[in-house]
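Given next are the chains, with one letter for each unit.
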Amino acid sequence: MSERLTVFKTYKLYVGGKFPRSESGRVYEVRDNKDKWLANAPLSSRKDARDAVVAARKAFGGWSGATAYNRGQILYRIAEMLEGRRDQFVREVADAEGLSKSKAAAVVDAAIDRWVWYAGWTDKIAQVVGGANPVAGPYFNLSTPEPTGVVAVLAPQESSFLGLVSVLAPVIATGNTAVVIASEKAPLPALSLGEVLATSDVPAGVVNILTGRTAEIAAPLAAHQDVNAIDLTGADADLARDLEIAAADNLKRVLRPQPVDFSADPGTHRLTAFLETKTVWHPTGSLGASGSAY
C-alpha cells in the first residue's frame with residue numbers, strides 16, 4: 001500500500017460569514033513552543049479590518065433585534081458543535097499552548113461550558129441590570145439594557161481558546177457584533193472556531209475573526225468611526241495606551257486590559273461592559289381610588 005501524501009489545512013479568515021484569504025495575500029508561520037511548524041495563518045491587513053467592520057455593522061440590526069431567547073439558542077448550538085469537534089480542538093489547543101492532551105482537554109471542556117454559561121444569560125441579563133425606577137410623579141420610569149454596537153475584541157495572547165471564548169461570547173450574547181483579533185502567536189483555534197460559527201446558525205457578520213500582527217490590525221479598528229467599543233484584553237500596556245487614545249476620538253467604550261483567570265467563574269462583568277442603558281418615561285394618567293386611568 002502506497003503512503004498517502006499529507007493534506008495540509010489552509011487556514012483562512014472568517015469575515016461576513018465567508019472564508020477569505022487576506023486581502024494582502026500575506027501569511028505568516030505559526031509554530032508551537034518547540035518551534036515546530038504548524039501552519040501558515042493569514043496576515044490580515046488594514047483593508048481586512050475595514051471589511052470586517054462593514055460586515056459587523058451590516059449584521060448588527062438583525063442580531064440586536066433578535067429575541068434574547070433566540071440568541072441563547074444559537075449560542076447553545078455553538079456549544080453543541082464544539083462538542084462534536086472536541087478532539088480537533090484538543091489537538092489544536094495542545095499545540096498552540098504547549099499543553100498535554102489531558103490539560104488541553106480540560107481547557108476545551110471549560111470553553112464549551114463557557115458557551116453554555118453565556119447562552120443561559122442572554123434572556124436574563126436584562127432582569128439583572130434593568131428595572132422599574134421609583135419616581136416622584138405619575139410616571140412609569142423603566143431602564144432597559146441595549147447593545148452598544150460593533151465591538152473590536154483583542155483576544156488574549158496566551159489563552160488561545162478558553163480566553164478567546166471568554167471575551168467573545170459575552171459580546172455577542174448581549175446583541176453586539178464583533179471583530180476579533182485572534183492571539184498573534186496561537187491563532188489556529190480561533191480560525192477553527194470560525195468554521196464552527198459558520199455552521200452554528202450564527203448570522204453572517206455577527207462574528208468576524210482576523211489573524212496577524214495584533215498592533216497592525218488593532219490600530220485601524222481603534223480609530224474606526226463605525227466601531228463603538230473595544231476590548232483591549234490582548235494588548236500590552238504600551239499598545240493599550242495608544243489604542244485607548246485613538247478610541248477616544250468617537251467616544252468608544254473601552255475595556256482596559258487586566259489580569260484575568262479565565263478558568264474562574266466569569267461573573268457578569270463582561271456581559272455588562274458593552275451595554276447601554278435606555279431609560280423611558282411613560283405617564284400613568286390620573287391616580288384615584290379606583291386605580292390608574294390611562
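Please refer to the structure higher up on the page.
Bear in mind the structure is a predicted one, so any value in this text is a computation, not a measurement.

A. Representation of helix α4 (residues 101–121). Relative to the 30 Å expected for 21 residues at 1.5 Å per residue, α4 spans 31 Å between its end C-alpha atoms, a close match to the ideal helical length. Inspection of α4 places Ala104, Ala105, Val107, Val108, Ala111, Ile112, Arg114, Trp115, Tyr118, Ala119 and Trp121 among the buried residues, and these make up the whole buried set. As for α4, its buried residues are in contact with α2 (68–84), α3 (86–97), α5 (125–129), α6 (162–173), α7 (188–198) and α10 (269–273).

B. Geometry of the sheet that holds strand β4 (residues 139–147). If you walk across this open sheet you meet the three strands as β3-β4-β10, and the pairing is antiparallel. What marks the edges here is a single partner per strand, and that holds for β3 (131–132) and β10 (275–283). Pairing of β4 with β10 involves nine bridges; the strand directions are antiparallel. The residue of β10 that forms the bridge with Pro145 is Thr277.

C. Representation of the side chain of Ser45 within the structure. Its location among the elements puts Ser45 in the loop between β2 (37–42) and α1 (46–65). Residue class for Ser45 comes out buried when judged on its relative accessible area of 9%. Within polar-contact distance, the side chain of Ser45 engages the side chain of Glu23 at 2.8 Å. Not counting chain neighbours up to four residues away, the residues in contact with Ser45 comprise Ser22, Glu23, Ser24 and Arg26.

D. Looking closely at the nonpolar core. If you look at the biggest cluster of nonpolar residues, it comprises 62 residues, and the most contacted ones within it are Leu82, Trp115, Ile172 and Val180. The element best represented in this core is α4, accounting for 10 residues. Ignoring anything within four residues of it in the chain, the contact list for Ile172 reads Trp63, Arg71, Leu75, Trp115, Ala178, Val206 and Val207. Judged by nonpolar contacts, the second largest core, of 25 residues, contains Val15, Ile217, Ala240 and Ala247.

E. A look at the pairing of strand β5 (residues 150–154). Counting buried residues in β5 gives five out of five residues, a clear majority hidden from the surface. Residues Val150, Ala152 and Leu154 point to one face of β5 and Val151 and Val153 to the other, with burial holding for every one of them. Bridge count for β5 against strand β6 (residues 177–181) is five bridges, and the pairing is parallel. Among the inter-strand pairings, Val151 is bridged to a residue of β6, identified as Ala178. Note that the unit made of β5, α6 and β6 has a crossover that is right-handed. As paired strands, β5 and strand β8 (residues 229–231) are joined by three bridges and run parallel to one another.

F. Structural view of α2. Taking 1.5 Å per residue, 17 residues should reach 24 Å; α2 reaches 25 Å between its end C-alpha atoms and fits that length. All of the buried residues along α2 are Arg71, Gly72, Ile74, Leu75, Ile78, Ala79 and Leu82. One side of α2 carries all its buried residues, which in axial view fall inside an arc of 165 degrees. Facing away from the buried side of α2, by more than 90 degrees, are the exposed residues Tyr69 and Gly84. Of the surrounding secondary structure, the elements contacted by the buried residues of α2 are α1, α3, α4, α6 and α7.

G. Local environment of the pattern of salt bridges. Under the defined criterion, the tally for this structure stands at 17 salt bridges. The residue Asp231 makes a salt bridge to Arg270 at a minimum N-O spacing of 2.8 Å. Of this pair, Asp231 sits in strand β8 while Arg270 sits in helix α10; the two residues are 39 residues apart in sequence, bridging distant segments of the chain. Salt-bridge contacts for Asp238 lead to Arg241; the nearest nitrogen and oxygen are separated by 3.4 Å. Placement of both Asp238 and Arg241 in helix α9 (residues 237–247) is noted, with a separation of three residues, approximately one turn of the helix. Connected through shared salt-bridge partners, Lys9, Arg85 and Glu195 make up one network.

H. Quick look at the sheet that holds β6. With parallel pairing, five strands are arranged side by side in an open sheet as β7-β6-β5-β8-β9. The open sheet terminates on both sides in strands that have one partner only, identified here as β7 (207–210) and β9 (253–255). Within this sheet the neighbouring strands show an average axis-to-axis angle of 15 degrees, counted without direction. Taken together, the three bridges between β8 and β9 define a ladder with parallel strand orientation. From the neighbouring strand, Ile230 faces β9, where its bridge partner is Val254. Where α6 meets the sheet, its contacts fall on β5, β6, β7 and β8, and the angle it forms with β6 comes to roughly 160 degrees.

What counts and what doesn't
- Counting starts from 1 at the beginning of each chain's written sequence and moves along it residue by residue.
- Where totals are concerned, whole chains, interfaces and linings use all residues; where local detail is concerned, this predicted model gives features only for residues with pLDDT of at least 70, and gives and counts side-chain atom pairs only at 80 or more.
- Note that water and hydrogens are dropped before the side-chain values are worked out from all heavy atoms of the structure.
- By the criteria applied, helices consist of DSSP H or I runs no shorter than four residues and strands consist of E runs no shorter than two, each listed in order from the N terminus.
- For a helix, the expected span equals 1.5 Å multiplied by the number of residues minus one.
- Partly exposed residues are those whose accessible area sits between 20% and 50% of the maximum for their type, while under 20% is buried and over 50% is exposed, using a 1.4 Å probe and protein chains only.
- We call two residues contacting when some pair of their heavy atoms lies within 4.5 Å.
- Two strands qualify as a pair provided DSSP detects at least 2 bridges between them.
- Any N or O atom pair separated by 3.5 Å or less is treated as a polar contact, with the protein-specific requirement of one donor-capable and one acceptor-capable atom, and with residues adjacent in sequence counted only for side-chain atom pairs.
- To define a nonpolar core, start from buried Ala, Val, Leu, Ile, Met, Phe, Trp, Tyr and Cys residues and group those joined through side-chain atoms within 4.5 Å.
- Seen with the strands pointing away from the viewer, any crossover whose path from the first strand over the helix to the second strand runs clockwise is right-handed.
- As used here, the arc belongs to the directions running from the helix axis to the C-beta atoms.
- By definition here, a salt bridge exists when the distance from a side-chain nitrogen of Lys or Arg to a carboxyl oxygen of Asp or Glu is within 4 Å.
- In this analysis, axes come from line fits to C-alpha atoms, helices being fitted only over the stretch in contact, and the angle between any two N-to-C directions falls in the range 0 to 180 degrees.

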